[in-house]
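Observations on the model geometry
The residues making up each chain are set out below.
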Amino acid sequence: MKNVVILGAGTAGTLMANKLRKKLPAKTWNITVVDQERAHYYQPGFLFVPFGIYSEQDVIKPKDNFFPKGVNVIYAKVDRIIPEENKVTLENSEKILDYDFLIIATGTRIAPEETPGLLGDLWRKEIFDFYTIEGAVALAKYLETWKGGKMVVNITELPYKCPVAPLEFIFLADAYFKKKGMRDKVEISLVTPLPGVFTKPIATKMLSKVVEEKNINVIPDYNVCEVDNVNKKIIDYAGTEVEFDVLVTIPTNKGDDMIERSGLGDDLNFVPTDKFTLQAVGHPNIFVIGDAANLPTSKAGSVAHFAAEVVVENLLCAIEGKPLEAKFDGHANCYIVTSYSKGTLIDFNYDTEPLPGVYPYPVVGPFGLLKDTRLNYFGKMFFKWMYWNLLLPGRSLPVTDHMSMMGKRYPKHHVN
Amino acid sequence: MAQKEFAGQMIEVNEEGYFTKPEQWNKDVAGAVAKEEGIELTDKHFAVLDYLRTRHFAGDALTIRSIGKSGIVDVKDFYALFPGAPLKKATKIAGIPKPTGCI
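Residues numbered from 1 in each chain as written. Chains lettered and ligands numbered in written order. Predicted model: local features only at pLDDT ≥ 70, side-chain atom pairs only at ≥ 80, totals over all residues. Heavy atoms only, no water.

1. A short note on the pairing of strand β21 (residues 283–288) of chain A
Residue and element names in this part refer to chain A. The pairing of strand β9 (residues 101–104) with β21 spans 3 bridges and is classified as parallel. Opposite L102, over in β21, you have I286 as the bridge partner. By the bridge criterion, 2 bridges tie strand β20 (residues 279–280) to β21 in an arrangement that is antiparallel. By the bridge assignment for β21, Q279 is matched with F287. In textbook terms, the turn of a hairpin is the stretch between consecutive antiparallel strands, and for β20 and β21 this stretch comprises 2 residues, one of which, G282, has a positive phi near 85°. (Pairing = 2+ DSSP bridges. Helix = DSSP H or I, 4+ residues; strand = E, 2+ residues; numbered from the N terminus.)

2. Concerning the confidence of the model for chain B
Across chain B, the average pLDDT comes to 90, with 95% of residues at 70 or higher. Across the interface, the model reports ipTM at 0.74; the global pTM reads 0.91. (pLDDT = per-residue confidence, 0-100.)

3. Focus: the packing of aromatic side chains
The final tally for this structure, using the stated rule, is 25 aromatic pairs over all chains. On the basis of an interplanar angle of 15° and a centroid distance of 5.6 Å, the ring pair of A:F382 and A:W385 is categorised as stacked. Here A:F382 and its partner A:W385 are both found in helix α7 (residues 374–391), 3 residues apart, which amounts to about one turn of the helix. Measuring from centroid to centroid gives 6.4 Å for B:F6 and B:F19, while their planes differ by 15°, and the two rings are stacked. In this pair, B:F6 is assigned in strand β1 (residues 2–6) and B:F19 in the loop between β2 (9–13) and α1 (27–36), connecting sequence segments 13 residues apart. Each member of the pair, B:F6 as well as B:F19, is classed as buried. Aromatic ring contacts, followed pair by pair, group A:F51, A:F128, A:F130, A:Y131, A:Y142, A:W146, A:F169, A:Y176 and A:F177 into a single cluster. (Phe/Tyr/Trp six-rings, centres within 6.5 Å; stacked < 30°, edge-to-face > 60°. Buried < 20%, exposed > 50% of the residue type's maximum accessible area, 1.4 Å probe, protein only.)

4. Considering the interface of chain A and chain B
With 22 residues of chain A in contact, the opposing surface of chain B contributes 11 residues. Across the pair B:R65 and A:E157 runs a salt bridge whose closest N-O atoms are separated by 2.7 Å. Summed over the shared surface of chain A and chain B, the result is 5 residue pairs in polar contact (both at pLDDT 80 or more). Taken together, the residues that form the side of chain A that touches chain B break down as 12 nonpolar, 5 polar and 5 charged. (Contact = heavy atoms within 4.5 Å. Salt bridge = Lys/Arg side-chain N within 4 Å of Asp/Glu carboxyl O. Polar contact = N/O pair within 3.5 Å; in protein donor to acceptor, adjacent residues only side chain to side chain. Nonpolar A, V, L, I, M, F, W, Y, C, P; charged D, E, K, R; others polar.)

5. Examining the nonpolar core
In this structure, A:L20, A:I104, A:M151, A:F169 and A:F177 are the most contacted members of the largest nonpolar core, which totals 131 residues. Ranked by residue count, the leading element in this core is helix α6 (residues 301–319) of chain A, at 10 residues. Setting aside chain neighbours within four positions, we find A:F169 in contact with A:L47, A:P50, A:F51, A:F130, A:L139, A:M151, A:V153 and A:V248. Of all hydrophobic cores here, the second largest spans 30 residues; its members include B:I11, B:L41, B:L49 and B:I96. (Core = buried A, V, L, I, M, F, W, Y, C linked by side-chain atoms within 4.5 Å.)

6. Some words on the pattern of salt bridges
On inspection of all chains with the given rule, the structure shows 25 salt bridges over all chains. For A:R261, the salt bridge goes to A:D79, with nearest N and O atoms at 3.9 Å. Residue A:R261 is found in helix α5 (residues 257–261), and its partner A:D79 is found in strand β6 (residues 78–82); the two are separated by 182 residues along the sequence. Here B:R65 ties to A:E114 by a salt bridge, and the two come within 3.1 Å at their closest N and O atoms. Taken together, the residues span two chains, with B:R65 in helix α3 (residues 64–68) and A:E114 in the loop between β10 (108–110) and β11 (127–128). Exposure remark for A:E114: the relative accessible area of 30% places this residue in the partly exposed category. Beyond isolated ion pairs, a larger network of salt bridges with shared partners links A:D79, A:R80, A:E91 and A:R261.

7. Observations regarding the sheet that holds strand β15 (residues 224–228) of chain A
All names here are of chain A. The strand order across the open sheet built from 3 strands is β15-β16-β17, with neighbouring strands paired in antiparallel fashion. In the strand order of this sheet, the two ends are held by β15 and β17 (241–243), each with one partner. Strand-to-strand twist in this sheet, taken as the mean axis angle between neighbours without regard to direction, amounts to 20°. Relative to strand β16 (residues 233–236), β15 runs antiparallel, the two being bridged by 4 bridges. When the sheet's bridge partners are listed, D228 is paired in β16 with K233. (Axes fitted to C-alpha atoms, helices over the stretch in contact; angles between N-to-C directions.)

8. Some details on the packing of helix α3 (residues 165–179) of chain A against helix α4 (residues 201–213) of chain A
All names here are of chain A. Following both chains from N to C, one finds α3 and α4 inclined at 25°, their axes separated by 10 Å at the closest point. By the criterion of interaxial angle, the relationship of α3 to α4 is roughly parallel. For the pair α3 and α4, the sense of crossing is left-handed. Contacts from L167, I170 and F171 of α3 reach α4 at L207, V210 and V211. Counted by class, the contact of α3 with α4 contains 6 nonpolar, no polar and no charged residues. (Parallel < 35°, antiparallel > 145°, perpendicular 65-115°, else oblique. Left-handed = near helix turned anticlockwise from the far one by under 90°.)

9. Comments concerning unusual backbone geometry
All names here are of chain A. Of note, the amide linkage connecting L158 to P159 takes the cis form, showing an omega dihedral of -5°. Relative to the helices and strands, P159 resides in the loop between β12 (149–155) and α3. Between G365 and the following residue, P366, the backbone shows a cis peptide bond with an omega angle of 0°. For P366, the location among the structural elements is in the loop between β24 (357–359) and β25 (367–369).

Here it is as structure tokens:
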């Protein structure tokens, strides 16, 4: 018997287990999945928890519901990968997993400990994250009775998971406080290391307009250095201080500590990965999928989803000793909610920035790209169903894995 | 593509003033670019610029964090050397492209 071991059963790992079990004959190939948590969280749903739109129950299901038959599942913490010996060791277990091929899908985590003061007295009292269920739930509770003041949303550093989420957060916060009749009592600021609200010029222009309409302050080029819990302010390396009454932080993102223990990571524990073949650099029998990779594209579920087919094809080629033919294009696709009823959509890859136009979609589409529409909001909310029922089980979604230029157009007078 | 004169040399730059041909860079040119940014270059500056160029040519992505871990300067010193937006200023003076966040 030969062995494929998948580390991590989040979006990417679960998807890979489902896809590979269909492709690899059970007579000759074992597939083993390792994860330390039994709960699968629908992470795109965390955004809605602070505003009471979703509760914890809406975004959680047992991981066991999503594995196909014929896959071994081990709930344990990975100690380390020993790439020279093609082995994985587990914490508190003598068991050693031998692999012929390894798939790293251990994702990213928030690392608030990287910023002095962030885990101080105010952590989860007046300083919150919304990238963990605990943080999102604590923030929901806090906002229920909050009387208003300065809400500061601060992105610590790049890269971070789901780059549009902080924007969606401020848009939903605006809608939430409006609905409560207290928008005039709340000052919302986005404090970001980016030069503007987003990186790519055409999308930035569209999104800046939305930010302006909603009367949200943007403080760009800000690299937070420490958090002062006593005087309730953040301070950056240039000495600029921003006061807050409630701080919503997007902390530094790091790959799993196990990556560091295995000597496979960069300085943030992300695995250096060939951006086309998705192999770990220097380790042809290790593939990396999802947030764990250091790819120059978004850390987002859509990227893991589009990358999955490339990993499957290349793994099958590698098994047969053939050259790897599938090439990932960095495709990402994100709905961005802009209020309680509207949203926009971006679709892009390594080479093509988000462009306006339409995104073809059977039956309900097309969706408007970089347009603020009700249909996009519906698309975002409907996606939860698609995630649990189609995406995780590895069924095909009615979209292309490679980014398509169909429906997209460059704005007039645009110079790249 | 625009050209701009620095220290008597015509340098190819983009609309934001970043070099499009990093090989046109030398210490005199760097000094002239720095002057426009209000910075007088010291040996410490050049150590950082050399590091940035080396990392750039190795194909690495440049971040504030990686410079803080370089052993050449910590992040606070980096800000002191290139005040305001250090990575943007330092890459411009180092004659390499402006780092873009990948999102």
